[in-house]
Amino acid sequence: MCRTCGCSDGNMVTVGDADGDHTHILPDGTVIEHQGHSHDHGHSHDHGHSHDHGHSHDEGHSHDHGHSHEGGPSKVEILEAKVMEKNDRLAERNRGWFAGREVFALNIMSSPGSGKTTLLERTLRELDETSSVVEGDQETARDAERLRATGVPVVQVNTGTGCHLEADMVWMGLQTLRPELGSVVFIENVGNLVCPALFDLGEHKRVVLFSITEGEDKPLKYPHMFKAADLVLITKMDLLPHLDFDMEEARQAVATIAPDAQIMEVSTKSGAGMKGWYDWIRDAKRAAT
Amino acid sequence: MHELSITRNIVATVVEHARGRKVDGVTLKVGDLAGIELQALRFCFDICAEGTCLEGAELHIEQIPGRGRCLECDERVPLEQPIAICPCDKRARMIIEAGEELLIHSMEVH
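Heads up: these notes are all about the structure in this document. (Residues numbered from 1 in each chain as written. Chains lettered and ligands numbered in written order. Predicted model: local features only at pLDDT ≥ 70, side-chain atom pairs only at ≥ 80, totals over all residues. Heavy atoms only, no water.)

Enumeration over the complete set of coordinates arrives at 24 salt bridges over all chains. The salt bridge partner of A:Glu85 is A:Arg89, with a shortest N-O separation of 4.0 Å. Separated by four residues within a single helix, A:Glu85 and A:Arg89 lie in helix 1 (residues 85-101), roughly one turn from each other. Given a relative accessible area of 24%, A:Glu85 falls into the partly exposed group. Sharing partners across several salt bridges, the network here consists of B:Arg67, B:Arg69, B:Asp74, B:Arg76 and B:Glu97. (Salt bridge = Lys/Arg side-chain N within 4 Å of Asp/Glu carboxyl O. Helix = DSSP H or I, 4+ residues; strand = E, 2+ residues; numbered from the N terminus. Buried < 20%, exposed > 50% of the residue type's maximum accessible area, 1.4 Å probe, protein only.)

Another aspect to go through is the pairing of strand 1 (residues 23-31) of chain B. All names here are of chain B. Of all the nine residues making up strand 1, eight are buried; the element is thus mostly covered by neighbouring parts of the structure. Relative to strand 6 (residues 102-109), strand 1 runs antiparallel, the two sharing seven bridges. If you follow Val 30 over to strand 6, its bridge partner there is Leu 102. Across seven bridges, strand 1 lies against strand 2 (residues 58-64) in parallel orientation. If you follow Val 30 over to strand 2, its bridge partner there is Gln 63. Between the parallel elements strand 1 and strand 2, the chain passes through helix 2 (residues 38-49) in a crossover that is right-handed. (Pairing = 2+ DSSP bridges. Right-handed = clockwise from strand over helix to strand, strands pointing away.)

A separate point is the packing of aromatic side chains. Residues and elements named next belong to chain A. The full count for this structure, using the stated rule, is five aromatic pairs over all chains. Consider the rings of Trp 277 and Trp 280, whose centres lie 6.1 Å apart with planes at 15 degrees: the pair is stacked. Of this pair, Trp 277 and Trp 280 both sit in helix 8 (residues 274-288), three residues apart, which is roughly one turn of the helix. Judged by relative accessible area, Trp 280 falls into the buried class, the value being 9%. Grouped by ring-pair contacts, the aromatic residues Trp 97, Phe 98 and Trp 171 constitute a single cluster. Sitting over the ring of Trp 171, Arg 93 keeps its end group 3.7 Å from the ring centre. If you follow Arg 101 out to its NZ or CZ, it ends over the ring of Trp 97, 3.8 Å from the centre. (Phe/Tyr/Trp six-rings, centres within 6.5 Å; stacked < 30°, edge-to-face > 60°. Lys NZ or Arg CZ within 6 Å of the ring centre and 35° of its normal.)

With that settled, consider the interface of chain A and chain B. Contacts between chain A and chain B engage 41 residues on the former and 35 residues on the latter. In total, chain A and chain B occlude about 3,300 Å² of area from one another, counting both sides; carbon and sulfur atoms represent 54% of this. The tally of links between chain A and chain B comes to four salt bridges. For the salt bridge of B:Lys29 with A:Glu80, the shortest nitrogen-to-oxygen distance reads 3.2 Å. Here chain A is connected to chain B by 17 residue pairs in polar contact (both at pLDDT 80 or more). The set of elements that each furnish at least two residues to the side of chain A that touches chain B consists of strand 4 (75-82), helix 6 (223-227) and helix 7 (247-257) of chain A. (Contact = heavy atoms within 4.5 Å. Buried area = accessible area lost by both parts, 1.4 Å probe. Polar contact = N/O pair within 3.5 Å; in protein donor to acceptor, adjacent residues only side chain to side chain.)

Mapped onto the fold, A:Ala255 is located in helix 7. The sequence separation of A:Ala255 and A:Phe226 amounts to 29 residues, and the corresponding C-alpha distance is 9.5 Å. Those residues in contact with A:Ala255 that sit more than four places away from it in its chain are B:Ile85 and B:Arg91.

Encoded structure:
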């Protein structure tokens, strides 16, 4: 259920900003926009549900590969179509959008509880770059609220039953967020080490967090997530004295799956290693934009 | 479970190509390293196909085994996981040659 207007549809995606204006995207691509601003507590906002959830999907249905010989009995038509083509195409659109605005985009991924939001809280306060955030969560705006408290613009994308962000959701988020020219956009993906790996969002770099409470073999267990990582941040380093975590084994595990990925050790709590992370962001941004 | 949204993509793509014709079968090529749970995909297929021209269509899945090639010794290695380092002793770089496919190969229409 949408927590802003009460609309219920388990499958929809919701994009919202701090004012309560928000948009739903239904599974068939239908977009519904709601104004959240006029809450005068007299309940004069009629969200009356007069939107017809019709079939107005007007994008992405245009490519025909022309293999259809009409008529005749049952026959096989070869398509050889990429399943991810639609998402990949929309990710390309995001990439173009970023390029046109010289915006540098990072896709931040990890399992739930690895410290993505905490890392961003500190980063947004300390990084000397104009930043904004697309915050993906299945439900609630809790993380978005935490990040808004840093004073940085945040747009919340609730994926409903979806366990990952897709390129079109990020696109919708960006339309609300309108990041500044030459700024950094952090896309905090849904906490999940499986599903987000398959969906290109049009980002410049992928950052995967791996906390030392998770076990050294995490990259081997979830290779799809780690293989596409540009940077692996080993987090919660302040807990190291309390754990039997074998750092060398963890680094080997990352290198087996993603030999080109950089690895950094950080503690958001103590601040150790954070400077290296900020330098990495600035260097990667300079190289990309 | 990303298989649900992947299956939606599959159904949408086939519906588009079918242009109103009834689809009796769909054949996918799915690599063992594509990160797809086939059982989940099959489960989602019937649900997503409901109410479309794919309703009742049979889903065929051609599995493609993973294969890597060691850049050091040029040897082909069967892979069960998408690892980038050759399991041979030298820890040499390896490229994945097969197993990452995720394609709608064909559809049966009439």
